[in-house]
Amino acid sequence: MKFEQHLSQQQKQVQKLAMTQQLQQSIQILQYNSEELFAYIEAKALENPLIDIQAETNYSDFSSVGSRTYTNEENNYLNQIPDNHTSLFEYLIDQIHLNYRDTYLRTLVLFLVEYIDLNGYLMIDLDEASLKTGATAIEMLDALTLIQQLDPAGVGARDLRECLLLQVERDDTAPELAYIVIEEEFDHLANRKWGLIAKKFDVALSEIQTIFDYIQTLTPAPGSIFESTSGLYIRPDLTVRIKENQLTVLSNKTGTPTLQFQQAYFERMEATDDKEVQEYIKEKKNEFEWLSKTIVQRGDTILRVGTEIVQRQQEFFFKEDRPLKPMTLKEIAEVLEIHESTVSRTVNGKYLETEFGVFELRSFFSHGLSNDSTGEETSTSSIKKQLQSLVDNENKAKPLSDQKLVDLLKEQEIEISRRTVTKYREALGIPASSKRKRYDD
């Protein structure tokens, strides 16, 4: 038997991207919002003795739309509001110690407070509480009553109905029948079976409408106002200014950390004869240089992308109805000659401040729907605004059905299906027509 071995040598060209650790970190840094970036840099500063963090206090690197020129401008930004946050639990404990004497009943009150959730509801059954404490059912009910007399109104409720009743009880301006309607006909009220309620209490439907409107002013979660406010104060990455019909995009550097190199420490460590120390300090210097460069690139990318967005959506800043043109990530990427995923990371969690509000950059992107009558595209955002306007101006006694909304939009040369109208209506939080009907006089 003869064995033959055939060997051949072929050259193949294979394109492969090696994702280095630094490249991965650069991508991650671009994706960070302001708070996440600051936390990341603080962590790096703890690891690297050559990094000293300082915060900028001015706007810089602004771009004038159209000219795309960059310069510097001094301007103070909003002062940060200090977080003097107190939890609901702490707030209740303070009131208990202030208002109630040190008795056995107060001990039960303190026990129940442990079972108040963040929304202000009691999350333990009173029978179970009695078993755990050895207290009688009457004692536990008395303890709960004391909790329900604390602020905020509604705290200590065991369900939504009781929560609303506790708030109505303290409100002298509440409609006369509000308490009894909620107490006896809560389900019928919620399910809009108002005819039955009106008949039972011998009142007009308009009076039930008044009670319903009043309930909308109450809070279903009284404890939610004590939730942590961290993250609620947005630090915009960019700011748009309008002067003489000219839009200017500014990169907001206020509060953004900048890195200072600890030169004296570096020179002292570099002068040592210890090779390991020299290698270590060199490595940390390279890390500082890379991080500084990456942060600058992040800011430049956000400014470039933001400027292009503003350039394309100028009508949004000049017209009161804030129209948006159809725009995709791909279009921005092609103009700026960057990858579409880079644009995506840039616009997520980054915010643009205007004179009329703060907007996430991603909110300016809206896929278009083809308009059969004109051959043009209308952004979904514009359609939703038209839909909202129609509902806002409808006859509340005879609210518009989804099909009627389709017909009215068609008159405005916007042709979309009933299914799409329903989807947009639900996305806007607009109830169905049967739930929008009002019974005013």
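Computed from a prediction, not measured in an experiment: that's the story for all the values here.

About the cut-offs
- Residues numbered from 1 in each chain as written.
- Predicted model: local features only at pLDDT ≥ 70, side-chain atom pairs only at ≥ 80, totals over all residues.
- Heavy atoms only, no water.
- Helix = DSSP H or I, 4+ residues; strand = E, 2+ residues; numbered from the N terminus.
- Buried < 20%, exposed > 50% of the residue type's maximum accessible area, 1.4 Å probe, protein only.
- Contact = heavy atoms within 4.5 Å.
- Areas by Shrake-Rupley, 256 points an atom, 1.4 Å probe, with all protein chains shown as cover.
- pLDDT = per-residue confidence, 0-100.
- Axes fitted to C-alpha atoms, helices over the stretch in contact; angles between N-to-C directions.
- Parallel < 35°, antiparallel > 145°, perpendicular 65-115°, else oblique.
- Left-handed = near helix turned anticlockwise from the far one by under 90°.
- Nonpolar A, V, L, I, M, F, W, Y, C, P; charged D, E, K, R; others polar.
- Expected span 1.5 Å × (residues − 1).
- Arc of directions from axis to C-beta.
- Polar contact = N/O pair within 3.5 Å; in protein donor to acceptor, adjacent residues only side chain to side chain.
- Pairing = 2+ DSSP bridges.
- Phe/Tyr/Trp six-rings, centres within 6.5 Å; stacked < 30°, edge-to-face > 60°.
- Lys NZ or Arg CZ within 6 Å of the ring centre and 35° of its normal.
- Core = buried A, V, L, I, M, F, W, Y, C linked by side-chain atoms within 4.5 Å.

For the rest of this paragraph, the subject is the overall build of the protein. For the protein, the helix and strand inventory stands at 19 helices and ten strands. Looking at the protein as a whole, 39% of its 441 residues are labelled buried. Of all intrachain contacts in the protein linking residues separated by at least 6 positions in sequence, the fraction that spans at least 24 positions is 61%. Looking at the protein as shown, the accessible area adds up to about 26,800 Å², and 47% of this sits on carbon and sulfur atoms.

This part takes up the confidence of the model for the protein. When pLDDT is averaged along the protein, the result is 82, and 83% of the positions lie at 70 or above. Note on residues 57-62: pLDDT under 50 across the span, and 40 contacts to partners over four residues away in sequence or across chains.

Within helix α17 (residues 402-411) the residues assigned to the buried category are D402, L405, V406, L408 and L409. With its phi angle positive at about 65°, E413 sits one or two positions after the end of α17.

A few words now on the packing of helix α9 (residues 194-201) against helix α10 (residues 205-215). Following both chains from N to C, one finds α9 and α10 inclined at 110°, their axes separated by 9 Å at the closest point. Of the possible angle classes, the one that applies to α9 and α10 is roughly perpendicular. Once α9 is placed against α10, the crossing between them reads as right-handed. Judged by residue contacts, W194, G195, I197 and A198 of α9 engage L205, I208, Q209 and F212 from α10. The class makeup of the residues in the contact of α9 with α10 is six nonpolar, two polar and no charged.

Turning to helix α2 (residues 34-47), a few remarks are in order. Here α2 contains 14 residues, and its C-alpha end-to-end distance of 20 Å stays within 8% of the 20 Å for a straight helix at 1.5 Å per residue. Residues S34, L37, Y40, I41, K44 and A45 constitute the buried set of α2. Buried residues along α2 cover an arc of 140° about the axis, so they all sit on one side. For α2, the side-chain oxygen to backbone nitrogen distance between the N-cap and E35 is 3.1 Å, and the N-cap itself is N33.

Our focus in this paragraph is the pairing of strand β8 (residues 357-360). Pairing analysis gives four bridges linking strand β7 (residues 351-354) to β8, with the strands arranged antiparallel. Note on β8: the bridge partner recorded for L352 is F359. Connecting β7 to the antiparallel partner β8 that follows it, the hairpin turn spans two residues.

By secondary structure assignment, the location of N48 is in the loop between α2 and β1 (51-55). Residue class for N48 comes out buried when judged on its relative accessible area of 0%. At a separation of 2.9 Å, a polar atom in the side chain of N48 contacts the main-chain amide nitrogen of L50. If we ignore the near neighbours within four places in the chain, the residues touching N48 are K284, E287 and F288.

Turning our attention to the packing of aromatic side chains. Applying the stated criterion across every chain, the model contains 14 aromatic pairs. Their ring planes at 50° and their centres at 5.0 Å tell us that F261 and F288 sit as a pair that is tilted. Linking F261 in strand β6 (residues 257-261) with F288 in helix α12 (residues 275-312), this pair joins segments that are 27 residues apart in sequence. For F261, a relative accessible area of 21% puts it in the partly exposed group. Between the aromatic rings of F317 and F364, the centroid separation amounts to 5.9 Å while the plane-to-plane angle is 20°, which identifies the pairing as stacked. Highlighted residues: F317 in helix α13 (residues 314-318) and F364 in the loop between β8 and β9 (368-370), separated in sequence by 47 residues. F364 shares its class with F317; the two are buried. Through a chain of ring-to-ring contacts, the aromatic side chains of F316, F317, F356, F359 and F364 assemble into a single cluster. Seen from the ring of F356, R322 lies directly overhead, with NZ or CZ sitting 3.5 Å from the centre.

With 24 residues, the main nonpolar core has L92, V109, L112, V113, I116, L122 and M140 as its most contacted residues. Every residue in contact with M140, bar those within four places of it in the chain, is listed here: L108, F111, L112, L126, A129, S130, T133 and A135.

We now examine unusual backbone geometry. With the exception of glycine, most residues fall at negative phi, and the peptide bonds are largely trans. In this structure, P152 follows D151 across a cis peptide bond, with omega equal to 0°. Relative to the helices and strands, P152 is located in the loop between α6 (137-148) and α7 (160-170). Even without being glycine, D202 reaches a positive phi, approximately 55°. Take D202: it is sitting in the loop between α9 and α10. Its identity is not glycine, yet E413 carries a phi of approximately 65°, on the positive side. Position of E413 relative to the elements: it lies in the loop between α17 and α18 (418-427).

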